[in-house]
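# Tertiary structure, described
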Amino acid sequence: IRKHKIKKMGLMLDPSYQILNEAELLLDDGTVIRPDRLLIRNDEVIVIDYKTGAEEIQHESQVRKYAAALQQMGYTKIEMYLVYSALKKSVAVNAA
């Protein structure tokens, strides 16, 4: 995990993005997953997942699962971030 300040946090106020909070995504196996926040514009999606505790490697896996589902839905430009509120930091997640 690399420390990263989300430069795009201001995009949450950008009216050109559709903002979805805890949107349900249905996987092929019937499982429902809920990313905390999605910012959507055309074929671009920014995935933001908020965490209250310490950094854990499975957090990256969780966000990548959201991205894989969005890719199957046809989105081609996907950025992923984890925001650790207690630690006051954000982390960019690279595709696997």
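Definitions and cut-offs
Residues numbered from 1 in each chain as written. Predicted model: local features only at pLDDT ≥ 70, side-chain atom pairs only at ≥ 80, totals over all residues. Heavy atoms only, no water. Core = buried A, V, L, I, M, F, W, Y, C linked by side-chain atoms within 4.5 Å. Buried < 20%, exposed > 50% of the residue type's maximum accessible area, 1.4 Å probe, protein only. Helix = DSSP H or I, 4+ residues; strand = E, 2+ residues; numbered from the N terminus. Contact = heavy atoms within 4.5 Å. 1 Å grid on protein atoms, 1.4 Å probe; cavity = no way out; pocket = protein on both sides within 12 Å on 5 of 7 lines; lining within 4 Å. Points joined across faces, edges and corners; volume = space filled by probe spheres on them. Nonpolar A, V, L, I, M, F, W, Y, C, P; charged D, E, K, R; others polar. Polar contact = N/O pair within 3.5 Å; in protein donor to acceptor, adjacent residues only side chain to side chain. pLDDT = per-residue confidence, 0-100. Pairing = 2+ DSSP bridges. Right-handed = clockwise from strand over helix to strand, strands pointing away.

## Re the nonpolar core
Formed by 19 residues in total, the largest nonpolar core has its most connected members in Ile-33, Leu-38, Val-45, Val-47, Leu-70, Met-80 and Leu-82. Contributions of two or more residues to this core are made by β5 (37-41), β6 (44-51), α1 (57-72), β7 (77-84) and β8 (89-93). Leave out the neighbours within four places in its chain, and Leu-70 touches Leu-25, Leu-38, Val-45, Val-47, Tyr-75 and Ile-78. One finds Leu-39, Ile-46, Ile-48 and Val-83 within the second-largest nonpolar core, a separate group that totals 7 residues.

## Details of the layout of surface pockets
Roughly 170 Å³ of volume is contained in the largest pocket. Lining of the largest pocket is provided by 10 residues; of these, Ala-67, Gln-71, Ile-78, Met-80 and Ala-95 occupy positions nearest its centre. Mapped onto the lining of the largest pocket, the elements with two or more residues apiece are α1 and β7. Residue contributions to the lining of the largest pocket peak at 4 residues, all from α1. Within the lining of the largest pocket, the residues separate by chemical class into 7 nonpolar, 2 polar and 1 charged.

## Brief notes about the environment of Arg-41
Within the secondary structure, Arg-41 sits in strand β5. Take Arg-41: its relative accessible area is 28%, and that puts it in the partly exposed class. Not counting residues within four places of it along the chain, the set of residues in contact with Arg-41 comprises Asp-14, Ser-16 and Tyr-17. Within polar-contact distance, the side chain of Arg-41 engages the side chain of Ser-16 at 2.9 Å.

## Regarding the confidence of the model for the protein chain
On average, residues of the protein chain carry a pLDDT of 86, and 85% of them reach 70 or more. By mean pLDDT, strand β1 (residues 2-3) is the weakest element of the protein chain at 44, and strand β4 (residues 32-33) is the strongest at 96.

## Looking at the pairing of β7
Pairing analysis gives 8 bridges linking β6 to β7, with the strands arranged parallel. Looking at β7, one finds that Ile-48 is bridged to Tyr-81. In terms of handedness, the path from β6 via α1 over to β7 forms a crossover that is right-handed. Hairpin remark: β7 followed by β8, antiparallel, with 4 residues in the connecting loop; positive phi at Lys-88, about 55°.

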